[in-house]
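Spelled out from the first residue to the last, the chains are:
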Amino acid sequence: SARPFELMLGKVLGGVGVSLTGSLVYLGLSIASLASLGLTGQIPFRVIPWFLGYLVLNNLMFGAIFTAAGALCTDAKDVQNVTLPAMLPTLIPMFVLVPLIERPLSGFSTAMSLVPFFAPTLMVLRLSTPAGVPGWQPWLGLLLVLLCALFCTWVAGRIFRLALLAQGKLPSFTQIVRWAI
């Protein structure tokens, strides 16, 4: 009786809960370790709330994408074909880390960190630099990621619903787009 969006959101929220629990454990242990060494001044406390917000939305967005990709596949060979396009948005930020760290206030850094698929990685990195970022940019990035995560969850729910009904071979790209629309 659940709609595809609700089913997809429930599956993805479970993954978000696991990720958030693990991150909070690591953050707590890191803070406790640095506090025991008297190095709490090294902790960027102002970045932690941004990290957690972007973490939740990142997991919502990519959880939906990868769940839909998994629903499309019927065997291991199909998974290999579908995984690369789904992984590209997570890999691209890794190639621009150095220019972004060197010039966190440049137009390129600002533009890249406002792309919803890149913002969770790049905006938190920019916030961690000594130069910081203008106050409106993290909020705008968070809003864009939220909208993108909701859209991805909605599209993934539609793909998930139709992919479960389809049997046999991996659908074509145009067929996947038709399912999403």
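Residues numbered from 1 in each chain as written. Predicted model: local features only at pLDDT ≥ 70, side-chain atom pairs only at ≥ 80, totals over all residues. Heavy atoms only, no water.

**Examining the confidence of the model for the protein chain**
Phase 1: When pLDDT is averaged along the protein chain, the result is 86; 93% of the residues meet or exceed 70.
Phase 2: Mean pLDDT in the protein chain bottoms out at helix α8 (residues 173–180), which sits at 70, and peaks at helix α5 (residues 107–114), which reaches 94. (pLDDT = per-residue confidence, 0-100. Helix = DSSP H or I, 4+ residues; strand = E, 2+ residues; numbered from the N terminus.)

**Observations regarding the side chain of Ser 23**
Phase 1: Turning to its location among the elements, Ser 23 is positioned in helix α1 (residues 4–36).
Phase 2: Residue classification places Ser 23 among the buried positions, given a relative accessible area of 14%.
Phase 3: Ser 23 has contacts with Phe 51 and Leu 55, leaving out every residue within four places of it along the chain. (Buried < 20%, exposed > 50% of the residue type's maximum accessible area, 1.4 Å probe, protein only. Contact = heavy atoms within 4.5 Å.)

**Re the nonpolar core**
Phase 1: Membership of the largest hydrophobic core comes to 33 residues, with the highest contact counts inside it found for Tyr 54, Met 61 and Ile 159.
Phase 2: When contributions to this core are tallied by element, the ones reaching two or more residues are α1, α2 (48–72), α6 (119–128), α7 (136–165) and α8.
Phase 3: Apart from the residues lying within four places of it in its own chain, the contact partners of Met 61 are Pro 116, Phe 117, Pro 120, Val 145, Cys 148, Ala 149 and Cys 152. (Core = buried A, V, L, I, M, F, W, Y, C linked by side-chain atoms within 4.5 Å.)

**Comments concerning the packing of aromatic side chains**
Phase 1: Tallying each qualifying case throughout the model produces 4 aromatic pairs.
Phase 2: Considering the side-chain rings of Trp 50 and Tyr 54, the 6.4 Å spacing of their centres and the 35° angle between planes classify their relative orientation as tilted. With Trp 50 and Tyr 54 both in helix α2, this residue pair falls 4 residues apart, about one helical turn.
Phase 3: With relative accessibility at 17%, the residue Trp 50 sits in the buried group.
Phase 4: Aromatic pair Phe 62 and Phe 117: ring centres 6.2 Å apart, planes at 55°, arrangement tilted. (Phe/Tyr/Trp six-rings, centres within 6.5 Å; stacked < 30°, edge-to-face > 60°.)

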